Amino acid sequence: MSLRRRTLLQGTAALAALPMLARAQAAWPARPVRIVVPFPPGGTTDFVARLVGTELAKALGQPVVIENKPGAGTVIGVDTVAKAAPDGYSFVCVANSFAANQTLVRKLPYDTLKDLRPVALMGMSEHVLATHPGSGLKTLADLRNQAKAKPGTLSFASFGNGTSAHLSGEMLKLQMGLDIVHVPYKGQGPALTDLLGGQVTMMFGNWPEFRGHVEGGKLVALGMATAQRSQYAPNIPTLAEQGVAIESNSWNGLLAPAGTPDAVVQRVNAEVTRALAGPVVTEAFRKGGIASLSGSPERFAVFVQSEIAKYGDVIRKANIQIEG
């Protein structure tokens, strides 16, 4: 067979395959879509993923299954999706730790910037620094005095190594010159349980989950980690008002494996954006004290880069690193 005839036949076959490829892409999703949450059930990331996932399922006409895979400061769950097939059926709902782990974990099993692609930002929760009533602490001045009097005896919990709660606690230690011990957990839920029980002294936590405990007197708010007084907690002073410049929050966004088709990424981004603007998510976020975030995948990519730089600076100053 001549080279010319072989080329023509190959071209004809490729053209014939185009309608089949187009139909395959148009059929997405043809089965349930998975969103991995690298935290235990019960935290803000889990809440946001389930809330938005429910609305996403309605729009896509397929179930959206939430799969909790906590552990290793979210590395286990993220790695599951980083190594998944890029076919549009696997996503991961990440938080600040995704950006922090780029610097914090010495040997990540995935490449943060090459193995995953940003899809959509979703929500942000402000942090409150809270303690249990039995600690005797009511202000940062009380914390400073007690920590200086009994160095190494106070502790702060976090959602896990590299999470925003961990790094905010490290910033608190640096700025106040405190000797307090970090106690990492596999998520906010178990950490909050121990904080309520007095097993740990304090914790930076998401206001939506802490509000009821603070308002009910089961926790004492030492301050909000916001630039100005929070619209969700206007009666609680900020840490900045008490001389400590710490702004801390937990954000959530969706990532997909690198190589996931552009059409899928754009579709999911559009449906998430619609869900965030819809009445169900808007009302749930309002009641929960969660700010809605949205924007293009490209905007999310820029945001991740800025978060990597921000947390990288904190991690280097605190001189902390974890073996992967």
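Residues numbered from 1 in each chain as written. Predicted model: local features only at pLDDT ≥ 70, side-chain atom pairs only at ≥ 80, totals over all residues. Heavy atoms only, no water.

S.K.: Explain the overall build of the protein here, please?
M.R.: When helices and strands are tallied, the protein shows 11 helices and 10 strands. Oriented by its inertia axes, the alpha-carbon framework of the protein measures out at about 90 × 40 × 30 Å. Out of the 324 residues in the protein, the part that is buried amounts to 51%. Long-range contacts, defined here as pairs at least 24 residues apart, represent 78% of the contacts in the protein between residues at least 6 apart. Just so you have it, the protein exposes about 14300 Å², and 56% of that area is on carbon and sulfur atoms. Averaging the positions of the 31 positive and the 23 negative side-chain charges in the protein gives two centres separated by 6 Å. (Helix = DSSP H or I, 4+ residues; strand = E, 2+ residues; numbered from the N terminus. Buried < 20%, exposed > 50% of the residue type's maximum accessible area, 1.4 Å probe, protein only. Contact = heavy atoms within 4.5 Å. Areas by Shrake-Rupley, 256 points an atom, 1.4 Å probe, with all protein chains shown as cover. Lys, Arg positive; Asp, Glu negative; His and termini not counted. Charge placed at Lys NZ, Arg CZ, Asp CG, Glu CD.)

S.K.: Please explain the environment of V92 as it appears in this structure.
M.R.: By secondary structure assignment, the location of V92 is in strand β3 (residues 90-94). In this structure V92 comes out as buried when scored by relative accessible area, which is 0%. Each C-alpha atom of the pair V92 and I35 lies 5.2 Å from the other, and the pair is 57 residues apart in sequence. With sequence-adjacent residues up to four places away left out, V92 is seen in contact with V36, P38, G77, V78, V81, L116, G253, L254 and L255.

S.K.: Looking at this structure, I do not really get the pairing of strand β6 (residues 181-184). What am I missing?
M.R.: Every other side chain in a regular strand lies on the same face of the sheet, so the side chains alternate between the two faces. Note: strand β5 (residues 155-158) against β6, 4 bridges, orientation parallel. Within the sheet, the bridge partner assigned to F156 lies in β6 and is H182. With helix α6 (residues 164-176) bridging β5 and its parallel neighbour β6, the resulting β-α-β unit is right-handed. (Pairing = 2+ DSSP bridges. Right-handed = clockwise from strand over helix to strand, strands pointing away.)

S.K.: Would you mind going over helix α10 (residues 279-288) with me for this structure?
M.R.: Listing the buried residues of α10 in full gives V281, A284, F285 and G288. Along the long axis of α10, the arc covered by the buried residues comes to 100 degrees, so they all point the same way. Opposite its buried face, α10 presents the exposed residues P279, R286 and K287, each directed more than 90 degrees away. Buried residues belonging to α10 abut α2 (44-60), β4 (116-131), α8 (207-215), α9 (262-277) and β10 (290-292). At the exit of α10 stands G289, carrying a positive phi of roughly 75 degrees. (Arc of directions from axis to C-beta.)

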